Amino acid sequence: MSIAVAVVGAAGRMGSTVCQAVQDADGLALVARLDVGDELTAANLAGAQVAVDFTHPSVTEDNVHALIDAGVDVVVGTTGWTDAAYERVREHLARPEAAGRSVIIAPNFALSAVLTMSFAAKAARYFESAEVIELHHPNKVDAPSGTAIATARGIAAARAEAGLGPVPDATETDPDGARGAVVDGVHVHAVRLRGLTAHEEVVLGNPGEQLTIRTDSFDRASFMPGVVLAVREVGGREGLTIGLDRLLDL
Ligand SMILES: NC(=O)C1=CN([C@@H]2O[C@H](COP(=O)(O)OP(=O)(O)OC[C@H]3O[C@@H](n4cnc5c(N)ncnc54)[C@H](O)[C@@H]3O)[C@@H](O)[C@H]2O)C=CC1
Ligand SMILES: O=C(O)C1=N[C@H](C(=O)O)C[C@H](O)C1
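Computed from a prediction, not measured in an experiment: that's the story for all the values here.

Thresholds applied
- Residues numbered from 1 in each chain as written.
- Chains lettered and ligands numbered in written order.
- Predicted model: local features only at pLDDT ≥ 70, side-chain atom pairs only at ≥ 80, totals over all residues.
- Heavy atoms only, no water.
- Helix = DSSP H or I, 4+ residues; strand = E, 2+ residues; numbered from the N terminus.
- Rg over C-alpha atoms; globule rule 2.2 N^0.38 Å.
- Buried < 20%, exposed > 50% of the residue type's maximum accessible area, 1.4 Å probe, protein only.
- Pairing = 2+ DSSP bridges.
- Axes fitted to C-alpha atoms, helices over the stretch in contact; angles between N-to-C directions.
- 1 Å grid on protein atoms, 1.4 Å probe; cavity = no way out; pocket = protein on both sides within 12 Å on 5 of 7 lines; lining within 4 Å.
- Points joined across faces, edges and corners; volume = space filled by probe spheres on them.
- Domains from an automatic or database assignment.
- Core = buried A, V, L, I, M, F, W, Y, C linked by side-chain atoms within 4.5 Å.
- UniProt positions renumbered as here; feature names shortened; annotations may be inferred.
- Contact = heavy atoms within 4.5 Å.
- Polar contact = N/O pair within 3.5 Å; in protein donor to acceptor, adjacent residues only side chain to side chain.
- Nonpolar A, V, L, I, M, F, W, Y, C, P; charged D, E, K, R; others polar.
- Near = heavy atom within 4 Å.
- Areas by Shrake-Rupley, 256 points an atom, 1.4 Å probe, with all protein chains shown as cover.
- Sits in = over half its atoms within 2 Å of the grid points.

## Re the overall build of the chain
The secondary structure content of the chain amounts to 7 helices and 11 strands. The C-alpha atoms of the chain give a radius of gyration of 19 Å, which matches the 18 Å a tight globule of 250 residues would have. Taking the principal axes of its C-alpha atoms as reference, the chain extends roughly 60 × 40 × 35 Å. Buried positions account for 46% of the 250 residues belonging to the chain.

## What about the sheet that holds strand S3 (residues 50-53)?
What the 6 strands build is an open sheet, ordered S2-S1-S3-S4-S5-S11; its pairing is parallel. Strands with a single pairing partner mark the edges of an open sheet, and in this sheet they are strand S2 (28-34) and strand S11 (239-242). Averaged over all pairs of adjacent strands, the angle between their axes in this sheet comes to 20 degrees, without regard to strand direction. In the sheet, S3 pairs with strand S4 (residues 73-76) via 4 bridges, with the strands oriented parallel.

## Let's talk about the layout of surface pockets
In this structure, the largest pocket spans a volume of roughly 870 Å³. Taken together, 37 residues make up the lining of the largest pocket; nearest its centre are Met 14, Phe 54, Thr 55, His 56 and Thr 78. Contributing elements (two or more residues each) for the lining of the largest pocket: helix H1 (13-24) and helix H6 (146-161). Counting contributing residues, the lining of the largest pocket receives three or more from each of domain 1 (3-105 + 221-247) and domain 2 (111-218).

## Observations regarding the nonpolar core
Generally speaking, soluble globular proteins have nonpolar side chains that are buried together. Judged by nonpolar contacts, the single largest core of 30 residues is most densely connected at Val 18, Val 52, Val 75, Phe 109 and Val 231. Listed by contribution, the elements that provide at least two residues to this core are strand S1 (3-8), H1, S3, helix H5 (111-124) and helix H7 (224-234). Among the elements that line this core, the one with the most residues is H7, at 6 residues. Of the residues that make up this core, three or more belong to each of domain 1 (3-105 + 221-247) and domain 2 (111-218). Membership of the second largest hydrophobic core comes to 23 residues, among which are Trp 81, Ala 85, Leu 93 and Ala 98.

## Here's the deal with the UniProt feature "binding site: (S)-2,3,4,5-tetrahydrodipicolinate" (unreviewed entry) in the chain
The sites that UniProt annotates as "binding site: (S)-2,3,4,5-tetrahydrodipicolinate" (unreviewed entry) are His 137, Gly 146 and Thr 147. Here the residues from the annotation list that line the largest cavity are Thr 147. Sequence-distant contacts of His 137, defined by excluding residues within four places in its chain, comprise Arg 13, Arg 192, Leu 193, Leu 196, Thr 197 and Arg 220. By the secondary structure assignment, Thr 147 is in helix H6.

## Structural notes on the environment of Thr 241
Tracing the chain through its elements places Thr 241 in strand S11. In sequence terms Thr 241 and Ala 106 are 135 residues apart; their C-alpha atoms lie 8.3 Å from each other. Only 2.9 Å separates the side chain of Thr 241 from the side chain of Arg 237, close enough to count as a polar contact.

## Re empty space enclosed by the protein
Under the counting rule described, the total for this entry stands at 1 cavity of 30 Å³ or more. Asn 108, Ala 113, His 136, Ser 145, Thr 147, Ala 198, His 199, Glu 200, Thr 215 and Ser 217 are the residues that line the largest cavity. Counting only elements with at least two residues in the lining of the largest cavity, the list comes to strand S9 (198-206) and strand S10 (209-217). No other element matches the 3 residues that S9 contributes to the lining of the largest cavity. Looking at the lining of the largest cavity residue by residue, the class counts come to 2 nonpolar, 7 polar and 1 charged.

## Considerations on the site of ligand 2
With respect to spatial proximity, the complete set of residues near ligand 2 consists of Thr 79, Pro 107, Asn 108, His 136, His 137, Lys 140, Ser 145, Gly 146, Thr 147, Ala 198 and Phe 223. Lys 140 places a side-chain nitrogen or oxygen 2.7 Å from an oxygen atom of ligand 2. Within the backbone of Gly 146, a nitrogen or oxygen atom sits 2.8 Å from an oxygen atom of ligand 2. Relative to its unbound accessible area of 320 Å², ligand 2 is 83% covered by the protein chains. At a threshold of 2 Å from the grid points, most atoms of ligand 2 map onto the largest pocket. Classifying every residue of the shell around ligand 2 gives 3 nonpolar, 7 polar and 1 charged.

Pasting the structure below:
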C-alpha cells in the first residue's frame, strides 16, 4: 500500500520539486497539489495520509494546525518557526481529537546541512570563537535562514554546556549592524547572491587555528532524500519531531 501524500505550496521552488520526488519514490503516491487559495480541508486533501508544507514563514503554523484538524500527519520544511510556535503544535497534538497525529519540522532536509549542524555543535566547545555565514539565492524571503538559526542555537547550547563565556569581540561601534544578527550570542551573517542556492559556513577559531565546516546545496535535489525519509517515517512517530537529525540517529 502506498502512502498518499499532499503537497502544500506545490507551485513553489521546493513544492514543485517535492511533487516530482514523491511521484518518483517507491511506495509514495501524490494525491493533491495545493497552493495559495486552496483550503486545507479533507476534501481538498483527497485522501492524503501525509501533507508536506513548503510555503511561507507567515502561514506555515496555521497550515500545520489546519492539517492536524484535517486528520493528516505533517512534514514541514518551511522556516520561521519560534519556540512558542513549536509549543502550540505540541499542545495541539496532545489534544484527544489529534490522537495518532504526528508532525516533523526540519529547517533543512539536506544531509550535508544536517551533518554541518551536528559537527558544529560537536566542535563548538573546543573553540573560543564561532560565527555562522549563510549564503542563499536572492528570492529567499527570510534572514537569517532557518538552518543558520538552528546552527547558532546548537553552537550556543554546546558552549553553555561546556561553561564557555561570550565569544571574544572588542567591537565598540557598529551602527549599521556589520557584525550581523546575534542568535543566542552567536553572530550570524546572511549573504543573498544571484546564482546561489543554499549554503552555510561555520567558522570556529582559536589562537593560531581555524576550523571551517561548510555545506553547499547546489540543487534542490539535495533536500529530497530527507523529505522522502520524513514522509515515510512521520506516520510511525508520536507528537512533534524537530530536525532531521532525530531520524538519522546522529
Ligand atoms: N527545510 C528545508 O530543507 C528547506 C526549506 N526551505 C524553506 O521552504 C519555504 C519555501 O521555500 P521556496 O519553495 O523556495 O519558496 P517559494 O516562494 O518558491 O514557494 C512557496 C510556495 O508556497 C505558496 N504559498 C504561500 N502561501 C501559501 C498558503 N497559505 N497555502 C498554500 N500555499 C502557499 C506560494 O504560492 C508558493 O508557490 C521557505 O521557508 C524556505 O526557507 C527551502 C528549501 C529547503
Ligand atoms: O529558502 C531556502 O532556499 C532555504 N531555506 C531553508 C533555510 O532557511 O534554512 C533551508 C535551506 O537553507 C534553503
